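Understanding the architecture of this molecule
One-letter residues, chain by chain:
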Amino acid sequence: MISAPWRGSQKCLDKNTNPGNAIFPTQRIWNNFKPHLPANCYLYHPITNNDDMTTHDYHHLVNQQKAFFNEHITREIPFRLCALDRLAEGIVTREKQLNEALHADMGKSPFESYVTEIGILLHEIRMVKNHLQSWARDRRRPTPLFLFGSKSRIHYEPYGCVLIIAPWNYPLQLALSPLVGAIAAGNCAIVKPSGEAPHTTQALQELIDECFEEEYIAMADGRRETTEELLQERFDYIFYTGGVEYGRHIMQAAARHLTPVTLELGGKSPCIVDDDAHLPTAARRIVWGKFINCGQTCVAPDYLLVHSRVESRLIELMRREIVRQFGEDPQHNPDYPRIVNERHFERLAALLSHGTPLCGGTCDPADRYIAPTLLTDIDPQSPLLTDEIFGPILPVMPFDDIDDCVEYINQREKPLALYYFTRSRKRARYMIQHTSSGGACINDTVMQVANGHLPFGGIGNSGMGSYHGRTSFETFSHQRSVVTSNQRLYSEFRFPPYGNKLKWLKRILK
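This one's a predicted model, so the numbers in the text were calculated from it and none came from an experiment.

For the rest of this paragraph, the subject is unusual backbone geometry. That bond from Pro496 to Pro497 is cis: its omega, -5°, falls within 30 degrees of zero. Following the sequence through the fold, Pro497 ends up in the loop between strand E20 (477-485) and helix H17 (501-508). Its identity as a non-glycine residue notwithstanding, Asn293 has a phi of 55°, on the positive side. Here Asn293 is to be found in the loop between helix H10 (279-291) and strand E9 (303-307). A relative accessible area of 0% places Asn293 in the buried class. The phi torsion at Arg368 lies on the positive side, around 50°, for a residue other than glycine. Taking the relative accessible area as the measure of exposure, Arg368 reaches 22% and is therefore partly exposed.

Set out below in structure tokens:
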């Protein structure tokens, strides 16, 4: 068991009473911070099983977290840094177990698990730790002349008790990445994982139970009913990642208490290849971005619009690229993942008949395997073009005029991402200025998500709010406006009687 500075456990915080057991990741910071904690602040707690928790239990848990938050310990920057250290240490310690869980749920290779889940989390924690002191510092703001004698600033304060609802497609990263922001901002949190990735949910449960006291950070079970039970409680912030329809339900539940929300949804992200694009590069990057995690990525290209002049050439290059990346038989390639469960497999397998295969088109129910597939000759009303696919199937449609692409995109809901391949900066600028999406990549796919200095989020039907890096800290922080006035130095101008002050007021406010 590794140390964590939280309340409510049997073992005392004092390292002298814990010889050989306590590990202090930020020893210097912790030694400075420890004397300021309450006398009843402890290290460990026993691992509990949340599977049988009831609505009453979650109500009690939320109240526990609010009580702990009101002790103001989580507002201290050293406390937050220690918590981030503990989370990173727990992830590293359990890396093998997490890899095995991700492979059992999604068929991910250790490399893909690290690149898309574990590694990106550790990188984000390092980034947040390195900048947290400066992010949390009060920001001075200009003060207008009519407030002469006052000073203005923005103070970042935590919301309180937040609920994080995670999806199944990246079950580790999309549960813990928002948690990093919540911890950095000084909140308590309950994380609700998805029950459709049961092995990863179990590994997450053990990780969080080992790292944190539940009155600070808690992990709920993966049942769908648990989400409904949690939504009955009054949280100070709700962060949801998942489908559009359930996102609407989240907003309705939040509206009962006017709880602020971030919704990370999805949509049909277009990928456009113009006639001047470097086709080998486009083929390689589209194949990678589409078929990583077996296409179960919210920002994966959902359909491909390719200029008719280069269509046949691009299709041929993409066929070769699929063989290059996954071999002649991707089913026996350890780097090619699987569909998460039978229900999603059956949904995707039914879509294979909605077009003419250019590549792939095969599947194996026993293995939850669907080959990387390119389809053409698709009916405009097909679910392939109306619903988010969320699998390794890519519809391909030709175009002759780029304005037709812009019109097609703008007639539909705003997507989470947009990808455009061209050698022309002018064309790229035109595409960005005449379309709207949560994020965009020029001459690449998915990589806008990898830059922690950029906010990630949707717009319109693809979501609201954003996170990653500093944006995560700001998402989970309330920006509190503070004006401090001098007690002796002030203007009589604003106080009655007003007399002929109006004309001077108009001059000042010009």
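Together, Leu145, Phe146, Leu147, Phe148, Val483, Leu489, Leu502, Leu505, Ile508 and Leu509 give the surface a local cluster of nonpolar side chains, amounting to about 950 Å² of exposed area. Of all the elements, H17 adds the most residues to the nonpolar patch, at three residues. Take Leu509: it is sitting in the segment after H17.

Taken together, six strands build an open sheet; the order of strands is E5-E4-E3-E6-E7-E18 and the sheet is mixed. In the strand order of this sheet, the two ends are held by strand E5 (217-219) and strand E18 (463-464), each with one partner. The sheet contact formed by strand E7 (residues 261-264) and E18 spans two bridges and is antiparallel. The residue bridging Glu264 from the neighbouring strand is Gly463, located in E18.

Attention now goes to the nonpolar core. Counting 122 residues, the largest nonpolar core has Leu87, Ile91, Leu176, Leu179 and Ile272 as its most contacted members. Ranked by residues supplied to this core, first place goes to helix H6 (residues 173-185) with nine residues. Contacts of Leu179, omitting those with residues within four sequence positions, involve Leu87, Ile164, Ala189, Val191, Ile208 and Ile217. One finds Leu230, Ile238, Val261 and Leu263 within the second-largest nonpolar core, a separate group that totals 22 residues.

Turning next to the environment of Asp138. Residue position: Asp138 is located in the loop between helix H5 (110-136) and strand E1 (139-141). Distance from Asp138 to Glu157, taken between C-alpha atoms, is 9.9 Å for residues 19 residues apart in sequence. Sequence-distant contacts of Asp138, defined by excluding residues within four places in its chain, comprise Arg153, Ile154, His155 and Tyr156. Among the polar contacts listed, one links the side chain of Asp138 to the side chain of Arg153, at a separation of 2.4 Å. A distance of 2.8 Å separates polar atoms of two side chains, one belonging to Asp138 and the other to His155.

Glancing now at the pattern of salt bridges. Per the counting criterion, the structure on display carries 23 salt bridges. With a shortest N-O distance of 3.6 Å, Glu210 and Arg94 are connected by a salt bridge. Of this pair, Glu210 sits in helix H7 (residues 198-211) while Arg94 is found in the loop between helix H3 (77-93) and helix H4 (95-106), placing the two residues 116 residues apart along the sequence. Across the pair, exposure class does not vary: Glu210 and Arg94 are buried alike. Each of Asp274, Asp275, Asp276, Arg309 and Arg427 takes part in one network of salt bridges that share partners.

Turning our attention to the packing of aromatic side chains. Summed over the entire model, instances satisfying the criterion amount to 16 aromatic pairs. When the ring of Phe79 is compared with that of Tyr216, the centres are 5.2 Å apart and the planes differ by 70°; the resulting orientation is edge-to-face. Residue Phe79 is located in helix H3, and its partner Tyr216 is located in the loop between H7 and E5; the two are separated by 137 residues in the primary sequence. When its relative accessible area of 0% is taken as the criterion, Phe79 is described as buried. Seen in terms of ring centroids, Phe239 and Phe476 are 5.6 Å apart; in terms of plane orientation they differ by 25°. Their pairing is stacked. Of this pair, Phe239 sits in strand E6 (residues 237-241) while Phe476 sits in the loop between helix H16 (470-475) and E20, and the two are 237 residues apart along the sequence. Taken individually, Phe239 and Phe476 each receive the classification buried, so the pair is uniform in this respect. Linked through ring pairs, Tyr159, Tyr237, Phe239, Phe456, Tyr467 and Phe476 together constitute an aromatic cluster. Here the guanidinium or amino end of Arg412 rests over the ring plane of Tyr408, the centre of that ring lying 3.5 Å away. Looking at Arg507, its charged tip hangs above the ring of Trp504, at a distance of 4.8 Å from the centre.

Thresholds applied
- Residues numbered from 1 in each chain as written.
- Predicted model: local features only at pLDDT ≥ 70, side-chain atom pairs only at ≥ 80, totals over all residues.
- Heavy atoms only, no water.
- Helix = DSSP H or I, 4+ residues; strand = E, 2+ residues; numbered from the N terminus.
- Buried < 20%, exposed > 50% of the residue type's maximum accessible area, 1.4 Å probe, protein only.
- Patch = residues over 30% accessible without salt bridge, like charges linked within 9 Å, V, L, I, M, F, W, Y side chains within 5 Å.
- Areas by Shrake-Rupley, 256 points an atom, 1.4 Å probe, with all protein chains shown as cover.
- Salt bridge = Lys/Arg side-chain N within 4 Å of Asp/Glu carboxyl O.
- Pairing = 2+ DSSP bridges.
- Core = buried A, V, L, I, M, F, W, Y, C linked by side-chain atoms within 4.5 Å.
- Contact = heavy atoms within 4.5 Å.
- Polar contact = N/O pair within 3.5 Å; in protein donor to acceptor, adjacent residues only side chain to side chain.
- Phe/Tyr/Trp six-rings, centres within 6.5 Å; stacked < 30°, edge-to-face > 60°.
- Lys NZ or Arg CZ within 6 Å of the ring centre and 35° of its normal.

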